[in-house]
Amino acid sequence: MSAGLNLAQQEAVNFLHGPCLVLAGAGSGKTRVITHKIGRLIQMGLEPKRIAAITFTNKAATEMRERAKGLIGKAAKDVVICTFHALGVRMLRQDGGVMGLKPQFSIMDSADVTGILKDAGGTTDAATARQWQWTISLWKNMGLNSAQALTLAKDDNERIIAKIMARYEERLTAYQSVDFDDLISLPLKLLQDHEEVRLKWQSQLGHVLVDEYQDTNATQYEVLKCLVGPDHSSARFTAVGDDDQSIYGWRGATLDNLRRLPQDFPTLKVIKLEQNYRSTSAILRAANNVIQLNPKLFPKTLFSELGEGEPVRVVDSDNEEHEAERAVARIQSLRAGTDAGSCGFKELKDFAILYRANHQARIFEKALRKAQIPYKVSGGQSFFDRAEIRDLCAWLRLWVNNDDDPAFLRAVTTPKRGIGHQTLASLGQFASQYKLSMFEALFSNSLPSVLNARALGSLHEFGRYVNDLEFRARLTTGAEDARSFLTDWLKDIGYEKHLYDGEESEKAAASKWHNVMEFCDWMAQRCGGQIDDTAGVSTGNEVKNLLEVAQTIALLSTLSEREKDQNVVTLSTLHASKGLEWPHVMLVGITEGMLPFRLDDEPGNEHTNENIAVRLQEERRLMYVGITRAQRSLAVSWTRKRKKGREMIAAQPSRFIAEMGLDKDTVKEDPREKLKALRAEFAQRATAASAESAANK
């Protein structure tokens, strides 16, 4: 199992009988270490189903599953490889009954949560509701419920949000639903409050591996401690992470989890992976120079044996439009081979433009479109965020959990079926009064007292139809039957007509219908076991019935990762780029105020020197992440002027450019000269081609 591993990687793979922290620098082969360690554990006799490898994204889980399969073979399908949230779903579906949660609970997505909070807080303003959502999410990640949040509230605003949170919690309980944060906080409560459940999971998991450990929040750390048991000297887990890549402080991730490990587990074995297999020495030197200025929990210095490579380039531009033109010119020259740094990587997918904030993408999109260069904006609208897919998911959620009121309201009105808002409002009031879900209420013997016979008849017809669909979906197994069922159902509710009636443009309606067909095909393939459960909620790729597949959709749509590999240039925020790599990377907009982002002029922040220092350290780690995405060439660009609102303001290069310590060999690019050379090159080729053509006549 150690073939092809360096000495540090071998040490990490072979340390099996105690707590282990692997400090894996950028590009140092951490996924390889995790998959080889899974193989080693199986080789030493641990059953595959007793190994859990926990990642932070579906994409990482899918990659790890594929690599484990390639290394270990069939046994890999029984290893629990999933996200923290998917493990939470698994625990709650199996054991949530002791907390009053039924196995087929619903998972609310972000839009549902905003809607419930608007209702709970009595506002129609989505922005206000999202602000409440953000605060409640942070509290949940700190392990607080509404009562605790109210006790700790710092001001009147927080006290109001804590009271709204209490009403929000009541609604979730009534809907037999959880939100994304509950998928961590509720399993923790389950493990802490119910000893029999805790002992069951501790005996079930013989070794836990946690990827991207630096991204864990306080609640996730407590879950890990509950899973590995009370005997800290023999706790069998491997945490793999890098304190230099901790960039999610705003989301509740805390470096305290790295600080606490050696204190909570005194026998912790710490192993550093410092050899980088991704980037050239020139790129790594710039990265090391930047990050060394941050205080270190565990000092390390990355090195590479890929050679010096091209010097890192610094590009200065007059303004953002100019910067975008230069980025496009760089892509064109590297693809044409007129730039020394092209290194044979000339496909569009070999290029990435990375920036600090989403709004910076627009100007680069415009320049790429003008040059007719195809691109994708990573982290753009998810497939699952499209209205037509959310419509179908609402129906599926309702089949799985009849108490899911947000799903009920969407399904009963999409497509319209003659049930008006007044009828639904009366049903909603009746349901609240008797503490029932809306679906449960529509079959109540007392409902005729508030609704007329016609409205009642329409609701009963809808209720019977949903029950019938649920019954049939449970009996529908395999790809062909699922595809046939979904097609018949969509025809039955007239969904295609609904799409065409709702769109002014036929082309837009056709595009939406194509998405619907693609979704149905994807669902059918999952029923047939042709697609593994990317969320990691179930193991293997066994044939499932449609209702089982519908249960996992909510988690997939919440994590919403379903990108196809395309041969296009990638535009991405630095945060979204973590874990990815490209031969050619351009870091753009690297000016003071953008990266590092404004450190002291954001409303609502306490601007103590300590607070500003902590934020600067996280921004520096973000720059480090950006630099280490590059394999063969890196260009860092800044503008002399940038837009702030409607005015142009003078800009300064980011302090991080100076911190890169680029020496005299650094190329200060002047793309005007480059463009001139490029045009001359193309002209020369055209002349040569016409001369050859004339000679052949």
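Residues numbered from 1 in each chain as written. Predicted model: local features only at pLDDT ≥ 70, side-chain atom pairs only at ≥ 80, totals over all residues. Heavy atoms only, no water.

*Asks:* Can you help me understand the pattern of salt bridges in this one?
*Replies:* Pairing between side chains of opposite charge can happen when the charged atoms of each approach one another. Enumeration over the complete set of coordinates arrives at 46 salt bridges. Between D318 and R640 there is a salt bridge, with its nearest N and O atoms 3.3 Å apart. Linking D318 in the loop between β11 (313-317) and α14 (320-336) with R640 in the loop between β16 (630-639) and β17 (641-644), this pair joins segments that are 322 residues apart in sequence. Beyond isolated ion pairs, a larger network of salt bridges with shared partners links K30, D211, E212, D215 and K578. (Salt bridge = Lys/Arg side-chain N within 4 Å of Asp/Glu carboxyl O. Helix = DSSP H or I, 4+ residues; strand = E, 2+ residues; numbered from the N terminus.)

*Asks:* For this particular structure, what's the right way to read the sheet that holds strand β6 (residues 207-210)?
*Replies:* Within a sheet, each strand pairs with its neighbour through backbone hydrogen bonds, oriented either parallel or antiparallel. Spatially, β3-β2-β6-β7-β1-β8 is the arrangement adopted by the six strands of the open sheet, whose pairing is parallel. Bordering the open sheet on either side are β3 (80-83) and β8 (269-273), each of which pairs with just one other strand. Along the sheet, successive strands turn relative to each other by an average axial angle of 15°, direction set aside. Here β6 pairs with strand β7 (residues 237-241) via three bridges, running parallel. Following the sheet pairing, V208 is matched in β7 by F237. Packing of helix α2 (residues 30-43) onto the sheet brings it into contact with β1 (20-24), β2 (51-55), β3, β6, β7 and β8, and relative to β6 it is tilted by some 175°. Its contacts with the sheet put helix α4 (residues 84-95) on β2, β3 and β6, and the angle it makes with β3 is roughly 110°. (Pairing = 2+ DSSP bridges. Axes fitted to C-alpha atoms, helices over the stretch in contact; angles between N-to-C directions. Contact = heavy atoms within 4.5 Å.)

*Asks:* When you look at the nonpolar core in this model, what are you seeing that I'm missing?
*Replies:* In a soluble, globular protein the nonpolar side chains are often hidden away together inside. Core analysis: the largest hydrophobic core is formed by 55 residues, its most contacted members being W395, W399, F408, W489 and F519. Looking at this core element by element, the count peaks at nine residues for helix α16 (residues 387-400). Among all residues touching F408, those that are not within four sequence positions of it are L398, L424, L427, M438, F439, L442 and F462. Core analysis: the second largest hydrophobic core is formed by 43 residues, L92, L191, Y221 and L255 among them. (Core = buried A, V, L, I, M, F, W, Y, C linked by side-chain atoms within 4.5 Å. Buried < 20%, exposed > 50% of the residue type's maximum accessible area, 1.4 Å probe, protein only.)

*Asks:* What exactly am I supposed to notice about the packing of aromatic side chains here?
*Replies:* Summed over the entire model, instances satisfying the criterion amount to 13 aromatic pairs. Consider the rings of W395 and F462, whose centres lie 5.7 Å apart with planes at 70°: the pair is edge-to-face. Here the residue W395 occupies a position in helix α16, and F462 occupies one in helix α20 (residues 453-475), the gap between them amounting to 67 residues. When its relative accessible area of 1% is taken as the criterion, W395 is described as buried. An aromatic cluster is defined as three or more aromatic residues linked by ring pairs; in this entry it consists of W395, W399, F408, F439, F443, F462, Y465, F485 and W489. The ring of F105 has R93 lying over it, and the distance from NZ or CZ to the ring centre is 4.3 Å. In this structure, R356 is placed above the aromatic ring of F597, and the distance from its NZ or CZ to the ring centre is 4.9 Å. (Phe/Tyr/Trp six-rings, centres within 6.5 Å; stacked < 30°, edge-to-face > 60°. Lys NZ or Arg CZ within 6 Å of the ring centre and 35° of its normal.)

*Asks:* Would you take a moment to explain the environment of A357 for this structure?
*Replies:* In this fold, A357 is placed in the loop between β12 (351-355) and α15 (361-370). Judged by relative accessible area, which is 15%, A357 ranks as buried. Among all residues touching A357, those that are not within four sequence positions of it are T573 and M594.

*Asks:* Would you mind showing me how to read the side chain of N276 here?
*Replies:* Structurally, N276 is set in strand β9 (residues 275-276). Separated by 2.6 Å, the side chain of N276 and the backbone oxygen of A26 make a polar contact. (Polar contact = N/O pair within 3.5 Å; in protein donor to acceptor, adjacent residues only side chain to side chain.)

*Asks:* Teacher, can you tell me more about the pairing of β16 here?
*Replies:* Regular strands place side chains that alternate from one sheet face to the opposite one. Taking burial as the measure, the 10 residues of β16 include nine buried ones, the bulk of the element. Across five bridges, the pairing between β11 and β16 is parallel. Bridged to V314 within β16 is V636. As paired strands, strand β15 (residues 582-587) and β16 are joined by five bridges and run parallel to one another. What sits directly across from L587, in β16, is V636.

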